[in-house]
Structures are given as C-alpha cells and as structure tokens.
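Chain by chain, the residues:
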Amino acid sequence: MEHLYAPWRDAYIKNKIEGCPFCYIVENPDIDAKTKVLFRSTNCFIVMNLYPYTPGHLMVIPNRHLDKLEDLEESVWQEMNVLVFRCVTLLKKELHVSGVNLGMNLGSAAGAGIAEHIHYHIVPRWQRDTNFITTIAHTRVYSTDFESFYQKIKQHIPKYFG
Ligand SMILES: [Zn+2]
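Values in this document were obtained by computation on a predicted structure and should not be read as measured data. (Residues numbered from 1 in each chain as written. Predicted model: local features only at pLDDT ≥ 70, side-chain atom pairs only at ≥ 80, totals over all residues.)

In terms of regular secondary structure, the protein chain is built from six helices and five strands. Written out in order from the N terminus, the α and β elements of the protein chain read α-α-α-β-β-β-α-β-β-α-α. Across the protein chain, the fraction of contacts at a sequence separation of at least 24, relative to all contacts at a separation of at least 6, is 64%. (Helix = DSSP H or I, 4+ residues; strand = E, 2+ residues; numbered from the N terminus. Contact = placed C-beta atoms within 7 Å.)

Spelled out as structure tokens, the structure:
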C-alpha cells in the first residue's frame, strides 16, 4: 500500500478538529451523517475515510483512545475483526470491488497519520485503478462521488450488521 500513502490527508483532518478526530466521532454520535459513520458496535465504529485512498475507503476504529494495539482488550480486537470481515463481504458482494487492501499502520514510524488512536484501513481496489488513484490523489474525490458511495454502502449496512 506504500504507493498509496498520502499523509496530507490525515494532516488535513487534524487541522480541522481540535484534538483526536476519532475521539471527536466517538463523542458526537448525533452527527454521524456528517462524519460519515456507517455503523456503531458496542466498542467500535465503522466510518468512511473523509480523505480516501480510493472511493469506499473504510476504517474500523475502537472507541477507546489508545496508540498501542497490544493495549487493546482481545475481545475488542475480535470485535474489530468481525466488523472488518463484514465490511469486506459487503464491499465485494454489493459494490463488486475486485480486491481489497487491509491494514494498520501502528505508530508514526509505520506511517500512521493519526498514530495516537489505532485504526484499521479497508481500501477497496478495482482492476487497473492505478491511474484513477493517481488522479484522485492530486485532485481529491469529488464530494458528490463521496456522498454517493456513502449512501450506497449505508443502504446495505442493515443486511450485514443488523
Ligand atoms: Zn482518540
């Protein structure tokens, strides 16, 4: 995923919100439509990345603010993985993505833009999408595309997470 790394996206989020942007989402469930939260489980949530590598780029994030995976309760880690599993299933079955990159950057040395609050990336890929990614990396995804992807995924949420 190295060639897709674009740290300015996380930097941009940081500038827009005081403190940790993921804790901001945890503390403001009333604006889920605005922050593009798709689902909340007991200890985690699924959110569209506002500055995606590709359209439909999702993140699974624990509610608890922590920077070390090894400090997370194993049960919450399992909860995260169930959500990741279902996100991949949804993306493949409903949005017909041809591939998915899964991963976590743990620590700033590993390339995490928001290292203080761990998060799991789910990045949909399509065949021959490299040119497309190069394009959006410099122009960003148009908000209409972003919104339509959010709505597309959102409508399938009850089926996979109900
Ligand atoms: Zn946080």
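So, about the environment of Leu 66. By the element assignment, Leu 66 lies in the loop between strand E3 (58-62) and helix H4 (74-94). A C-alpha to C-alpha distance of 6.4 Å links Leu 66 and Ile 118, two positions 52 residues apart in sequence. When residues no more than four places from it in sequence are discounted, the contact partners of Leu 66 are Asp 71, Leu 72 and Ile 118.

What follows covers the sheet that holds E3. Spatially, five strands are ordered E1-E2-E3-E5-E4 in an open sheet, and the strand pairing comes out antiparallel. Edge strands, defined here as strands with exactly one partner in the open sheet, are strand E1 (37-40) and strand E4 (99-103). Between one strand and the next, the sheet's axes are offset by a mean angle of 15°, whatever the strand orientation. Pairing of E1 with strand E2 (residues 44-48) involves three bridges; the strand directions are antiparallel. Opposite Val 37, over in E2, you have Val 47 as the bridge partner. Across the sheet, H4 touches E2, E3, E4 and strand E5 (120-125), and the angle it forms with E3 is around 165°. (Pairing = 2+ DSSP bridges. Axes fitted to C-alpha atoms, helices over the stretch in contact; angles between N-to-C directions.)

Right, let's talk about the environment of Gly 107 for a bit. Inspection of the secondary structure puts Gly 107 in the loop between E4 and E5. For the pair Gly 107 and Leu 69, spaced 38 residues apart in the sequence, the C-alpha separation amounts to 9.7 Å. Contacts of Gly 107, omitting those with residues within four sequence positions, involve Ala 112 and Ala 115.

Bringing H4 into the picture now. Helix length check: H4 (21 residues) gives 30 Å between terminal C-alpha atoms against 30 Å at 1.5 Å per residue, within 8%. All buried positions along H4 are accounted for by Met 80, Leu 83, Val 84, Cys 87, Leu 90 and Leu 91. Buried positions in H4, seen along its axis, are confined to an arc of 125° and lie on one side of it. For H4, exposure combined with an orientation more than 90 degrees from the buried face picks out Glu 74, Ser 75, Gln 78 and Lys 93. (Expected span 1.5 Å × (residues − 1). Buried ≥ 20, exposed ≤ 12 C-beta atoms within 10 Å, placed from the backbone. Arc of directions from axis to C-beta.)

Quick look at unusual backbone geometry now. Despite not being glycine, Lys 36 shows a phi value in the positive range, around 65°. By secondary structure assignment, the location of Lys 36 is in the loop between helix H3 (32-35) and E1. For Lys 36, a count of 21 C-beta atoms within 10 Å translates into the label buried. Even without being glycine, His 96 reaches a positive phi, approximately 55°. The class of His 96 is exposed, set by 9 C-beta atoms lying within 10 Å.

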